Amino acid sequence: MKMHFCIPVSQQRSDALGGRYVLYSVYLDGFLFCRVRYSQLHDWNEQLRRVFGNCLPPFPPKYYLAMTTAMADERRNQLEQYLQNVTMDPNVLRSDVFVEFLKLAQLNTFDITPKKAYLDIFLPNEESINMEIITSDTAERVLEVASHKIGLCRELLGYFGLFLIRFGKEGKLSVVKKLADFELPYASLGNSEVEHCKVGLRKWYMDPSLDSTLMDCRAALDLLYMQAIQDIEKEWAKPTQAQRQKLEAFQKEDNQTKFLELAREVQHYGYLQLDPCTCDYPEPGSGVVLSVGNNEISCCITLPDSQTQDVIFQMSRVKCWQVTFLAFLLSSCLKKMISEKMVKLAAKNPEMQIEVPEQSKSKKYHIQQSQQKDYSSFLSRKSKIKIAKDDCVFGNIKEEDL
């Protein structure tokens, strides 16, 4: 599936010889990722083609004459489409040519020199792992080192991820975004757009039944236990009074296994709760809190007259969705649920073939090529938004903080 790359803006700059060039601001999941020139992207594409041949998407052609405004906009859109399409191939995503170019682009954009530094990785119990890293270390590398420090089995790395997390007033927790494997956590924290954020380690799957895969690893069990407690304390998961009493008893006994077995029966266990936003369903101006997980989107809607209404949309009803400039985290969760569903289908049907790198880099699943679909349609600028009524599940969300 496509990654959420976009190029909403570009700037004309002058080089040392007085010539002019265009600098493109590349955003990933709504945040500035890097700034690059067309010539740099062109050279990168040539390197990728030497490795992967003609399986890459078409790259925007060179212009040998001065570009008009219309031509400049067309090139920007074409570069945006190229970045989205080239990331659909998992082999490209894992290649050294792909990763090394984007590492250098991030370092140059944020004026970072590769050197030793210290980084705190926060656990769900809000304790942290203090790590010595290189500023050019990717999220994948940092996750590997952090997991080694806490004794997490290497084959279970694909079930966890690094996230940018904002801790607000009164202990409020907000997941801002998941860091892609090739992102540099040190650079991401230095981005002025993500002030007051920390790098946190959390599980990264939306199907609560996958907990059973991790229970034999002590470090994984500890992480699941800490996150379950945190989610209940933050009221992301909503136990009944009877469930809460039993959970507190298991917690006093430090019986993690029994605690998690019961926690899986709790409403919204394992869901990711997004920041409050507004929507036009069932009435314009309605406030809504979305919780995403277990193949559904749960909406707690506050109507303009302050009445509340709970609405649940099953993923089986979602045929596609369109991503506006801010709803990236929601889209990432939807894509994750689809990939997990396809893995389950592959397990039931050995003739299917699919590779799902997010779940576990050591596993390959198979599915016929004709069944692979890109369910998300990325819209980089709101002026381009056109939503078909038949495809709209719960109206047009105004994603103020997603």
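Whatever comes next refers back to the structure up there.
Read on for a plain summary of the structure. Predicted model, so just to flag it, every value in this text is computed and none were measured.

Examining the overall build of the chain
Part 1 of the argument: Along its length, the chain carries eleven helices and 15 strands.
Part 2 of the argument: With 402 residues in all, the chain has 50% of them scored as buried.
Part 3 of the argument: Within the chain, counting contacts between residues at least 6 apart in sequence, those at least 24 apart form 58% of the total.
Part 4 of the argument: With the model as given, the accessible surface of the chain reaches about 20,400 Å², and the carbon-plus-sulfur share is 48%.

Some points on the packing of helix 1 (residues 38–52) against helix 4 (residues 96–109)
Part 1 of the argument: As a packed pair, helix 1 and helix 4 sit with axes 9 Å apart at the nearest point and diverge in direction by 160°. On the basis of their axis angle, the class for helix 1 and helix 4 is roughly antiparallel. Considering the relative orientation of helix 1 and helix 4, their crossing is right-handed. Here Gln40, Leu41, Trp44, Gln47, Leu48 and Val51 of helix 1 come into contact with helix 4, specifically with Val97, Phe98, Phe101 and Leu102.
Part 2 of the argument: Of the residues that constitute the contact of helix 1 with helix 4, the class distribution is eight nonpolar, two polar and no charged.

Thoughts on helix 2 (residues 69–86)
Part 1 of the argument: Relative to the 26 Å expected for 18 residues at 1.5 Å per residue, helix 2 spans 26 Å between its end C-alpha atoms, a close match to the ideal helical length.
Part 2 of the argument: The set of residues buried in helix 2 consists of Arg75, Arg76, Leu79, Glu80, Tyr82, Leu83, Gln84 and Val86.

Some remarks on the side chain of Arg76
Part 1 of the argument: Positionally, Arg76 belongs in helix 2.
Part 2 of the argument: Of note is the side chain of Arg76, whose polar atom sits 3.0 Å from the backbone oxygen of Pro8.

With respect to the nonpolar core
Part 1 of the argument: Judged by nonpolar contacts, the single largest core of 48 residues is most densely connected at Ile121, Leu152, Leu162 and Phe259.
Part 2 of the argument: Elements represented by at least two residues in this core include exactly strand 4 (116–122), strand 5 (128–134), helix 5 (139–150), strand 6 (160–167), strand 8 (197–203), helix 8 (218–233) and helix 10 (256–263).
Part 3 of the argument: For this core, the element with the highest residue contribution is helix 8, accounting for ten residues.
Part 4 of the argument: Not counting the four nearest positions on each side in its chain, Phe259 is found in contact with Tyr225, Ala228, Ile229, Ile232, Leu247, Phe250 and Gln251.
Part 5 of the argument: Among the nonpolar cores identified, the runner-up in size contains 32 residues, and Ile297, Ile301, Leu329 and Met342 belong to it.

Definitions and limits used
- Residues numbered from 1 in each chain as written.
- Predicted model: local features only at pLDDT ≥ 70, side-chain atom pairs only at ≥ 80, totals over all residues.
- Heavy atoms only, no water.
- Helix = DSSP H or I, 4+ residues; strand = E, 2+ residues; numbered from the N terminus.
- Buried < 20%, exposed > 50% of the residue type's maximum accessible area, 1.4 Å probe, protein only.
- Contact = heavy atoms within 4.5 Å.
- Areas by Shrake-Rupley, 256 points an atom, 1.4 Å probe, with all protein chains shown as cover.
- Axes fitted to C-alpha atoms, helices over the stretch in contact; angles between N-to-C directions.
- Parallel < 35°, antiparallel > 145°, perpendicular 65-115°, else oblique.
- Left-handed = near helix turned anticlockwise from the far one by under 90°.
- Nonpolar A, V, L, I, M, F, W, Y, C, P; charged D, E, K, R; others polar.
- Expected span 1.5 Å × (residues − 1).
- Polar contact = N/O pair within 3.5 Å; in protein donor to acceptor, adjacent residues only side chain to side chain.
- Core = buried A, V, L, I, M, F, W, Y, C linked by side-chain atoms within 4.5 Å.

Spatial relationships are all this shows, so hold off on functional conclusions.
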